[in-house]
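The chain contents come next:
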Amino acid sequence: MAHPSQLGFQDAASPVMEELLHFHDHALMIVILISTLVLYIIVAMVSTKLTNKYILDSQEIEIVWTVLPAVILILIALPSLRILYLMDEINDPHLTIKAMGHQWYWSYEYTDYENLGFDSYMIPTQDLLPGQFRLLETDHRMVVPVESPIRILVSAEDVLHSWAVPSMGIKMDAVPGRLNQTAFVTSRPGLFYGQCSEICGANHSFMPIVIEAVPLEHFEKWSTVMLQDA
Amino acid sequence: MAIEEEKDNKKGFKLLGILDIQKTPCAREALLHGSGGSLVVGLLHFLATSRVRRSFDVGFAGFMLTTLGSWFYCRINNAQLRMQQRLIQDGIKNKLMYEGTALDTVSKPKDKEPCSSCP
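Since the model is a prediction, treat every value here as computed from it, not as a measurement.

1. A short note on the UniProt feature "transmembrane region" (unreviewed entry) in chain A
Residues and elements named next belong to chain A. Under the present numbering, the feature "transmembrane region" (unreviewed entry) in UniProt falls on residues 27-51 and 63-85. The annotated region residues 27-51 carries 84% helix and 0% strand content, and the separation between its end C-alpha atoms amounts to 36 Å. Measuring from the first to the last C-alpha atom of residues 63-85 gives 33 Å, for a span that is 100% helix and 0% strand.

Here's what the structure looks like:
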């Protein structure tokens, strides 16, 4: 859940997002050190009294400022590639959910066992209850069992949309006529918010996504109630 | 508990407003190692050469190299530890799930008696 004036990422709700946060800290520390080095060199160059107009070459420093950046880049690339392939792994999902983008709402279909489908509209600001979040709450949440691998098939019925939940590190474009696949595991129960991330018309900012991660028993009860109400 | 957590949150120092030194693993250690290394290297260089400006440069280079080296070493170990923790968690979950079944890897299967009527 984002908070006002937030600069960094939200707390991770999935193992992949935890890895992404660790990689971000790693890359940021390197960037901060390099920036500090550059600042120090600028100050040193500006404040020195030494001048030499006849320097033609210097092999030693050329070697240093070629090899050191190459080493740093390799040390950034290795964890980056590791996470890239980690994000593509799909380990035997327990459940498959289809998320379809419409103008301007999402619809979810749980068709593994029964035909359960429902629409998820944003709750207008004037209808919010005390404690609910403006522009983020929906009338029906996408409920998933906690700590279970879930496969999400994302598509759209009209124009481009994008299904994104930042706290889980998920973003997948919803393209009409195309089925995109992604997977996630929620590490803890709770509510996880996201918003449509591809411009799709007048109400693009008003079609949020809410994932409710619950224990398996609660998920079974919820799906039974939803099927009865359908 | 909530009051203590709020106090901890207020004490956190964020480098450039983004990198939380206290919450980020290895950040505090790397910066402290770098600072210590910088002081030691700079001081030794000054004692050997009595050149102030060059000693500052050497000290800063020492800070960079020590911080980077400590950071990389700590992060690699931290990543390996996190992977091991995840494997252990999955192993415990699988053990609980499959205990007593054919997929249980801990308990050995009972030896089957030879079948006398089998061809």
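2. Overview of the confidence of the model for chain B
All names here are of chain B. For chain B, mean pLDDT is 80; residues scoring 70 or higher make up 73% of the total. The secondary-structure element of chain B with the lowest mean pLDDT is helix H1 (residues 2-11), recorded at 49, while helix H2 (residues 27-49) shows the highest, at 94. Confidence over residues 1-8 falls short of pLDDT 50; this stretch has one contact with residues more than four positions distant or in other chains. Our summary of model confidence lists the complex with pTM equal to 0.82 and ipTM equal to 0.71.

3. What to know about the packing of aromatic side chains
Evaluated as defined, the whole model comprises 10 aromatic pairs over all chains. On the basis of an interplanar angle of 25° and a centroid distance of 5.9 Å, the ring pair of A:Tyr110 and A:Phe118 is categorised as stacked. Taking relative accessible area as the criterion, A:Phe118 reaches 8% and is therefore assigned buried. With centroids separated by 6.2 Å and ring planes inclined at 35°, the aromatic side chains of B:Phe60 and B:Phe63 adopt a geometry described as tilted. Of this pair, B:Phe60 and B:Phe63 are both found in helix H3 (residues 52-98), three residues apart, which corresponds to roughly one turn of the helix. Across the pair, B:Phe63 and B:Phe60 agree in class, each one buried. Chaining the aromatic ring pairs together yields one cluster made of A:Tyr108, A:Tyr110, A:Phe118, A:Phe219 and A:Trp222.

Calculation rules
- Sequence order as written defines the numbering, with residues in each chain counted from 1.
- The lettering of chains begins at A and the numbering of ligands begins at 1, in the order of writing.
- This being a predicted model, a pLDDT of at least 70 is required before a residue's local features are given, and a value of 80 or more before pairs of side-chain atoms are given or counted; all residues contribute to the totals for chains, interfaces and linings.
- Only hydrogens and water are set aside when side-chain values are computed; all heavy atoms of the structure are taken into account.
- UniProt positions are given in the numbering used here, feature names are shortened, and annotations may be inferred rather than shown by experiment.
- Numbering of helices and strands starts at the N terminus; helices are DSSP runs of H or I of at least 4 residues and strands are runs of E of at least 2.
- The predictor attaches a confidence to each residue, and that confidence, scored 0 to 100, is pLDDT.
- Here a residue-residue contact requires only that any non-hydrogen atoms of the pair lie within 4.5 Å.
- In this analysis, rings of Phe, Tyr and Trp, with Trp reduced to its six-membered ring, are considered paired at centre separations within 6.5 Å, and the interplanar angle assigns stacked below 30 degrees, edge-to-face beyond 60, and tilted for intermediate values.
- Accessible area is worked out with a 1.4 Å probe on protein chains only. A residue is then buried under 20% of its type maximum, exposed over 50%, and partly exposed in between.

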